[in-house]
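Now for the letters of each chain:
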Amino acid sequence: MGKKELSVFSIAATYIGTVVGAGFASGQEVLQFFGYHGIRGFIGLFVAAFIFIVYGYFILLLGNRLNAVSHYEVIMKVGGPIFGKIIDYVIIFFLFGAFTAMLAGTGAIFKEQFGLPTQIGSIMMAVISVMTVLTGIAGVISAISFVVPILLIGVFLVSVLAIFYAPDIAVIAGISMPFDAAVKNFFISGIIYASYNLLMSVAILAPLGNQTSKKSNLKLGALFGGIGLWLGATMILIAILTNMPKAAQYQIPMLYIAGKYSETLKLIYSFILIAEIYTTAVGNLYGFVARLTDTKSIKYKIYTIVTGGIALILSNFGFSKLVHYMYPVAGYAGIVMLIGLTYGVIKKKTI
């Protein structure tokens, strides 16, 4: 059976959608990793974009070579028996943790933006995520690549308004608050940001690479995916920097910025944010269940539903705090994975 041919657009959009979750679209991640570094944040972002393009391609290509159905095949190949196992467990824990955080995040938006009980948002996200994941990898790819263009349009709209209405764009030059940043050095910040996002994305990128037989599509998909991520993050960074230090006081800086221009825009961006959380939730849930059981089996359906239920219960405990502290840990585990990939490429000629 030949592999279905996925377009470059589908590969790039799925890559972008897997990386840009609630943290990205809300502006919180960009603020933490790049915003506090001021103008140097742009250099950090450039470093991250380079890593996304090069290593995204390596992972897609390995997924293709190894006929991967989950992240496991790729991780064991690059990490070896010891490191591979450690990274594998970190990813499994993280996929579940981040899925739970996405449910909690939807609840928070429902409460803050719509004045509805947190549970309604969390339940809604759990149900639609489970229903999508039950359709398998094809459904997951379709769902993610459908949402991505909408997100990027929303980000560009809010950012262009922020730049257009900025009293003086030159204020950006004076901003530097590295002591508040998640990682104190702007260059290392870019590396950590890319590595923890790639660690989370292997769960989708590995099987995604296995969905096409055209190597050129994988190369262009990684290139456009990386450029798209860089463009989106750069726009968010400019929007945040033109609204500092006020933007730093909000959980969701981009909603605060959108709200400055119009309540309608704020409402629209709330829905975009929920759609973005959905792409991440779906990617995480699929990655978690696909690692635990064969995606063609009845067990896959049972595991998906049960995981959705457990995560829903845990999302009430402010699980996002745990994930918040775990981000740097995932970043360092991600670096181990990137070193493994580099070693695999140079020494073993894995690719």
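Quick caveat: nothing in here was measured; it's all calculated off a predicted structure.

Colleague: An account of the overall build of the protein is requested, with residue identities and associated values reported.
Modeller: The secondary structure content of the protein amounts to 13 helices and 0 strands. In sequence order, the protein lays out its α and β elements as α-α-α-α-α-α-α-α-α-α-α-α-α. Computed over its C-alpha atoms, the radius of gyration of the protein comes to 19 Å, within 12% of the 20 Å expected for a compact globule of 351 residues. Dimensions of the protein, computed from C-alpha atoms along their principal axes, come out at roughly 60 × 45 × 35 Å.

Colleague: Now, about the environment of glycine 221: what can you tell me, with residues and values included?
Modeller: Counting through the fold element by element, glycine 221 comes out in helix H9 (residues 215–241). Classification of glycine 221 as buried rests on a relative accessible area of 0%. C-alpha of glycine 221 to C-alpha of tyrosine 303: the two residues are 82 residues apart in sequence and 31 Å apart in space.

Colleague: Now, about the pattern of salt bridges: what can you tell me, with residues and values included?
Modeller: Going through the model one piece at a time under the given rule, you end up with 1 salt bridge. The salt bridge partner of aspartate 88 is arginine 291, with a shortest N-O separation of 2.7 Å. With aspartate 88 in helix H5 (residues 72–114) and arginine 291 in helix H11 (residues 263–292), this pair connects stretches of sequence that are 203 residues apart. In this pair, the class of aspartate 88 matches that of arginine 291, namely buried.

Colleague: I'd love a proper account of the nonpolar core, names of residues and values included.
Modeller: Phe52, Leu198, Tyr269 and Met337 are the most contacted members of the largest nonpolar core, which has 115 residues in total. In this view, tyrosine 269 contacts Ala25, Gly154, Val155, Val158, Met254, Leu255 and Ala258; residues no more than four positions away in its chain are not counted.

Colleague: Account for unusual backbone geometry, naming residues and giving values.
Modeller: Residues apart from glycine generally show negative phi values, whereas peptide bonds are mostly found in trans. Going from methionine 244 to proline 245, the amide bond is cis rather than trans, its omega being 0°. For proline 245, the location among the structural elements is in the loop between H9 and helix H10 (253–261). A positive phi angle is found at asparagine 67, which is not glycine, with a value near 50°. Here asparagine 67 is to be found in the loop between helix H4 (41–65) and H5.

Colleague: I'd like a description of the environment of alanine 101, backed by residues and values.
Modeller: Positionally, alanine 101 belongs in helix H5. On the accessibility criterion, alanine 101 (15% relative accessible area) is buried. Taking the C-alpha atoms as reference, alanine 101 lies 26 Å from serine 10; in sequence the two are 91 residues apart.

Colleague: Could you give an account of the packing of helix H6 (residues 118–133) against helix H12 (residues 298–314), naming the residues involved and the relevant values?
Modeller: Where H6 meets H12, the closest approach of the two axes is 10 Å, and the angle between their N-to-C directions is 165°. By the criterion of interaxial angle, the relationship of H6 to H12 is roughly antiparallel. For H6 against H12, the interelement crossing comes out right-handed. Contacts between H6 and H12 involve Ser122, Ile123, Ala126, Val130 and Val133 from the first element and Tyr300, Thr304, Ile305, Gly308 and Leu312 from the second. A per-class count over the contact of H6 with H12 returns 7 nonpolar, 3 polar and no charged.

Conventions adopted
Residues numbered from 1 in each chain as written. Predicted model: local features only at pLDDT ≥ 70, side-chain atom pairs only at ≥ 80, totals over all residues. Heavy atoms only, no water. Helix = DSSP H or I, 4+ residues; strand = E, 2+ residues; numbered from the N terminus. Rg over C-alpha atoms; globule rule 2.2 N^0.38 Å. Buried < 20%, exposed > 50% of the residue type's maximum accessible area, 1.4 Å probe, protein only. Salt bridge = Lys/Arg side-chain N within 4 Å of Asp/Glu carboxyl O. Core = buried A, V, L, I, M, F, W, Y, C linked by side-chain atoms within 4.5 Å. Contact = heavy atoms within 4.5 Å. Axes fitted to C-alpha atoms, helices over the stretch in contact; angles between N-to-C directions. Parallel < 35°, antiparallel > 145°, perpendicular 65-115°, else oblique. Left-handed = near helix turned anticlockwise from the far one by under 90°. Nonpolar A, V, L, I, M, F, W, Y, C, P; charged D, E, K, R; others polar.

None of the figures reported here should be taken as evidence of function without further support.
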